[in-house]
Amino acid sequence: MADAKVIPFDPFDDDRARGGAPRAGRRRAPGAADPAEAGNVPAARDGRSRRPVRPVAVPGQTSGAAPVPATEAGPDTGSGAAGWERKLAGGLAFLRRRVTGEYEVDEFGYDKELTDQVLMSLLRPLYDKYFRVEVKGIENIPAEGGALVVANHSGTLPLDGLMLQVAVHDRHPAGRHLRLLAADLVFMLPVVNELARKAGHTLACAEDAERLLERGEVVGVMPEGFKGIGKPFGERYKLQRFGRGGFVSTALRAGVPIVPCSIVGAEEIYPMIGNAKTLARVLGLPYFPVTPTFPLLGPLGAVPLPTKWTIQFGEPIPTDGYPAEAAEDPMLMFNLTDQVREQIQHTLYKLLVQRRSVFF
């Protein structure tokens, strides 16, 4: 996978080049033959080879009934040998595809199978058990077609983006995937770069965002950037500047709705009471946080506090009724940007009034 080109972070500057993205298509391990071409395994309609599935006996099934294939038996709703055998067969099939290279990524490096089966499974305990995220207004994200989700950003580390991705994936009736636009720093870090690409994130630039939206994807952006995630604890839940409204022009060009999103709970996971600016410059970071537990307690201080989160998606703001030249109108972009910002801020205040406690 090619390295992303490093650019200064401003999510939607049209004149900036975007980072490199891997080529689309199926990956195959070097020297591995296509089973479908060997003549002994039938090829599926989607081009991926399939091997015959061993029938699995279902409890209660008579001997004369047709066996149920492991891959078509549906989700396991109970315990028993059949359920465990299905899980084992699915896990082994997944590992075989990873080893042989028989999996697909899109032109941005997004690996849907890995995200669904591995990355989401790793994030889900944090989402369900640790932060106990409550989601409201998920129906405001359309069931199909492109949409731009615009959210506040906070928490010292960008865990809010990851929890937002799980919320859309797990709570939306259509099981939609959120493609987040990330800062260039994300694609400079080893390991993090690869995982971000695999999870569907891409560099925050107007061209990539517009291409995803035109393909009918749900795209997420946090216009506050480092100004929001690295703000001191005393300024929690006060939105920072939303740049120059580049996300609005992108939505106008693609003709997709803008869905404001407010996240409460992330501000308190790492209460930032100081910023070691000199150390941050030495390390090449936008800030170096000082919290009540970090760096005093070392690695233990990096454990986030178990706050209670609420994510609310607001009423979508349509953009398809504007003419094509509207994306070049600075006054219209300013007004729409201010409308989105005010809606997010108002919802934040409302959620703060409604919550009983930071932790419950």
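Residues numbered from 1 in each chain as written. Predicted model: local features only at pLDDT ≥ 70, side-chain atom pairs only at ≥ 80, totals over all residues. Heavy atoms only, no water.

A. A look at helix H2 (residues 112-130). Taking 1.5 Å per residue, 19 residues should reach 27 Å; H2 reaches 25 Å between its end C-alpha atoms and fits that length. At Met120, H2 shows its largest kink, close to 45 degrees. Within the span of H2, buried status applies to Glu113, Leu114, Thr115, Leu119, Met120, Leu123 and Tyr127. Contacts made by the buried residues of H2 are with helix H1 (81-100), strand E4 (103-105), strand E5 (134-136), helix H3 (159-171) and helix H4 (192-198). Looking one or two residues past H2, Arg132 carries a phi angle of roughly 50 degrees, positive in sign. (Helix = DSSP H or I, 4+ residues; strand = E, 2+ residues; numbered from the N terminus. Expected span 1.5 Å × (residues − 1). Bend = angle between axes of the 7 residues up to and from the residue. Buried < 20%, exposed > 50% of the residue type's maximum accessible area, 1.4 Å probe, protein only. Contact = heavy atoms within 4.5 Å.)

B. Spatial organisation of the nonpolar core. Residues Leu148, Val150, Phe247 and Val340 are the most contacted members of the largest nonpolar core, which totals 31 residues. Ignoring sequence-local partners within four residues, the contact set of Leu148 consists of Leu213, Val219, Val221, Phe247, Ala251, Val256, Pro257, Ile258 and Val259. Counting 28 residues, the second-largest nonpolar core is a separate cluster that includes Val168, Leu180, Ile269 and Ile311. (Core = buried A, V, L, I, M, F, W, Y, C linked by side-chain atoms within 4.5 Å.)

C. Local environment of the confidence of the model for the chain. For the chain, mean pLDDT is 82; residues scoring 70 or higher make up 78% of the total. Contacts of residues 1-78 to residues separated by more than four positions or lying in other chains number 143 contacts, the stretch itself having pLDDT below 50. (pLDDT = per-residue confidence, 0-100.)

D. The sheet that holds strand E10 (residues 258-264), seen in detail. Read across the open sheet, the 7 strands follow the order E5-E13-E10-E6-E9-E7-E8; overall the sheet is mixed. Both edges of this open sheet fall to E5 and strand E8 (202-203), since each of them pairs with a single strand only. In this structure, E5 lies alongside strand E13 (residues 310-313), joined through 3 bridges in parallel fashion. Within E13, the residue paired with Glu134 across the bridge is Thr310. Here H3 sits on the sheet and contacts E5, strand E6 (147-151), strand E7 (178-182), E10 and E13; the angle it forms with E13, its principal contact strand, is near 65 degrees. The strands that helix H9 (residues 330-354) touches are E5, E6, E10 and E13; relative to E10, the one it contacts most, it runs at about 30 degrees. (Pairing = 2+ DSSP bridges. Axes fitted to C-alpha atoms, helices over the stretch in contact; angles between N-to-C directions.)

E. Looking closely at H3. End to end, H3 covers 18 Å across 13 residues, agreeing with the expected 18 Å (1.5 Å per residue, within 8%). Of all the residues in H3, the buried ones are Leu159, Asp160, Gly161, Met163, Leu164, Gln165, Val166, Ala167, Val168 and His169. Where H3 is buried, its residues meet H2, E5, E6, E7, E10 and E13.

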